[in-house]
Each structure stands twice: as structure tokens, then as C-alpha cells.
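Observations on the model geometry
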Amino acid sequence: MTAASSIDPATSVASSAPRGDSVVRSQDVGRCDPAQTYSAADIAGRVDQDAVPARRSVTISALAADPDALTLQTLPGRDLDQAELLSLAGSIAANAADLQHHVAFSKDKRHYVSLHRDTNVDVWLLCWTPENDTGWHDHDISSGAVAVTQGTLTEHNLAIGTPSIETEIHAGDAFSFGPDHIHRLTGRDPGSVSVHAYSPPLWRMGQYTLGASGQLRRKSVSYADELRPLDDMA
């Protein structure tokens, strides 16, 4: 089954350490001895929890229990900040039964449905299989929030000296991020489903790839383009 719309928003908790044992110079790692080299495992131990938004996830039930939780009916008519996006995504995800008629899965393409879009915010439902992978991307000027209603997603954060910093986001958890966030989302479990909210609404995004000589490059793409990996930059 293919996507329900021609528009793919993209986008992406128990944590796991970065994989690999590659060595990087100390200038790549904050608060390190400049006379030493450090392995990827060393870097993993120094990752600040605050630097990985998915590792500061909150429960959907807690968000929905807030008497001031934002809903589609109580949007303030302006752009939302990260906390407000998290509240909105959580309140929508808490009513997962109301979203079930949108749920479908495809190994070839992410199945996705636009739940809401106005001049200040857009909200999407995404359905995932283990074959679904956004590739590395940012959201240009938009902040975002992700709430997982079933299954588990894996968020990958781009890091120097290791393939990526991986964080699992389980059903019932949600997190938010700012426009500076670069990540890659994959479906860890078959049948995973998530709600994504962005403000301002997605318009342009950046996809990342490695050039032939190893330079990191950013390609600007429309939010109407489906995000897929551009190369094997894991």
C-alpha cells in the first residue's frame, strides 16, 4: 500500500551507546584532554543528556493529563514553541483509537496522513516498518515533536567519530526538538505508528549526504518530497 498523500513530513526512550570503536581527536569532544585520543565508547559516555532531545522524552499520558494541554481545537493562532508542540502531539497521540482508520503499512514507502495544516502548525500520522528510513535531515526553520503511539522508532543523531547516537522511542513516549536538530528516524518494530507536529509548518527541509571525498553536504528539499537515505552514511 502506498502513501495516503503525496506529501511526506519525514521526519524523528531507552538509550543505547553509539556503535563502533573508531578513534577521533580530542578537539572533537568537549571537556577532553587535548593530549589524548578518544574512542567512540569514550564519546558515548560524555554525551550530555540535554544534547539528545529524545533522551528527555516524556510520557503521552502525562502530556494528555495536563489540564492546559493543547489540542487542535485550542490552537492559539500563532507559531508554537517546542513545549506547545510536545503538548499538541501528546494530546493527539493519547486518542490513538481515533487515528486507527488512518493506519496502514508499506515496505516500499512510509504511509502517512496529514491530520492538520494551517499557517502556524502542521500535524501528521506516520506508519513505519523496519524498512522505512528517512535518511539524515533537518527541518529548516521548524521546531517539531514526535509522539509514538505503537511500536518503537529509533532516532539517530549525527555524531563525529561514530556511526550515530541511537535512541529508541517506545510507544507511549514523546519528545520535541528545535530547528537546529539533525536526525534520522527508522522503524525499529513492524507496525510502529507516530504523530508528528511542526511549527511553523514544514516547507523546506535539508537532507545530508557525504561527497566523494568525505565532505558533508546539505541538499534543500521540499516538504512534498519523500525523505529517503541519499547514501550509506550510517
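Residues numbered from 1 in each chain as written. Predicted model: local features only at pLDDT ≥ 70, side-chain atom pairs only at ≥ 80, totals over all residues. Heavy atoms only, no water.

Looking only at helices and strands, the protein chain has 3 helices and 15 strands in total. The buried share of the protein chain, reckoned over its 234 residues, is 50%. Surface accessibility of the protein chain: about 10500 Å² in total, with carbon and sulfur atoms responsible for 50%. (Helix = DSSP H or I, 4+ residues; strand = E, 2+ residues; numbered from the N terminus. Buried < 20%, exposed > 50% of the residue type's maximum accessible area, 1.4 Å probe, protein only. Areas by Shrake-Rupley, 256 points an atom, 1.4 Å probe, with all protein chains shown as cover.)

By the element assignment, Thr152 lies in strand E9 (residues 152–157). A polar side-chain atom of Thr152 sits 3.0 Å from a polar atom in the side chain of His170. In terms of polar contacts, Thr152 uses its side chain to reach the side chain of Asp189, at 3.1 Å. The residues contacting Thr152, other than those within four sequence positions of it, are Glu168, Ile169, His170, Gly187, Arg188, Asp189 and Ser192. (Polar contact = N/O pair within 3.5 Å; in protein donor to acceptor, adjacent residues only side chain to side chain. Contact = heavy atoms within 4.5 Å.)

Our next topic: the sheet that holds strand E6 (residues 122–128). Hydrogen bonds between backbone atoms are what pair the strands of a sheet, whose relative direction is either parallel or antiparallel. Across the sheet, 6 strands lie side by side as E4-E11-E8-E13-E6-E5; this open sheet has antiparallel pairing. Strands with a single pairing partner mark the edges of an open sheet, and in this sheet they are strand E4 (58–59) and strand E5 (111–117). Pairing geometry for strand E8 (residues 143–150) and strand E13 (residues 192–199), over 7 bridges, is antiparallel. The residue bridging Val148 from the neighbouring strand is Ser194, located in E13. The strands touched by helix H3 (residues 82–93) are E4, E5, E6, E8, strand E11 (173–177) and E13; relative to E8, the strand with the most contacts, the crossing angle is about 25°. (Pairing = 2+ DSSP bridges. Axes fitted to C-alpha atoms, helices over the stretch in contact; angles between N-to-C directions.)

Let us look at the pattern of salt bridges. Following the criterion strictly, the structure yields 7 salt bridges and no others. Of the charged contacts in the structure, one is a salt bridge between Arg218 and Asp138, with a shortest N-O distance of 2.9 Å. Residue Arg218 is found in strand E15 (residues 216–222), and its partner Asp138 is found in strand E7 (residues 137–138); the two are separated by 80 residues along the sequence. Two residues, Glu168 and Arg188, come together in a salt bridge whose shortest N-O distance is 3.0 Å. Placement of the pair is Glu168 in strand E10 (residues 165–170) and Arg188 in the loop between strand E12 (183–187) and E13, with a sequence separation of 20 residues. Relative accessible area serves as the criterion here: at 22%, Glu168 is assigned to the partly exposed category. A relative accessible area of 37% places Arg188 in the partly exposed class. (Salt bridge = Lys/Arg side-chain N within 4 Å of Asp/Glu carboxyl O.)

Ranked by internal contacts, the top residues of the largest apolar core, which has 22 residues, are Leu88, Val123, Leu125 and Val195. Only helix H2 (60–65), H3, E6, E8 and E13 provide two or more residues apiece to this core. In terms of residue count, the dominant contributor to this core is H3 (6 residues). With residues near it in sequence (within four places) discarded, Leu88 still touches Leu70, Thr71, Leu72, Leu75, Leu80, Val121, Val123 and Ala197. Judged by nonpolar contacts, the second largest core, of 16 residues, contains Tyr112, Leu153, Ile169 and Leu202. (Core = buried A, V, L, I, M, F, W, Y, C linked by side-chain atoms within 4.5 Å.)

From the geometry alone we can't say anything about function, so treat these as descriptive.
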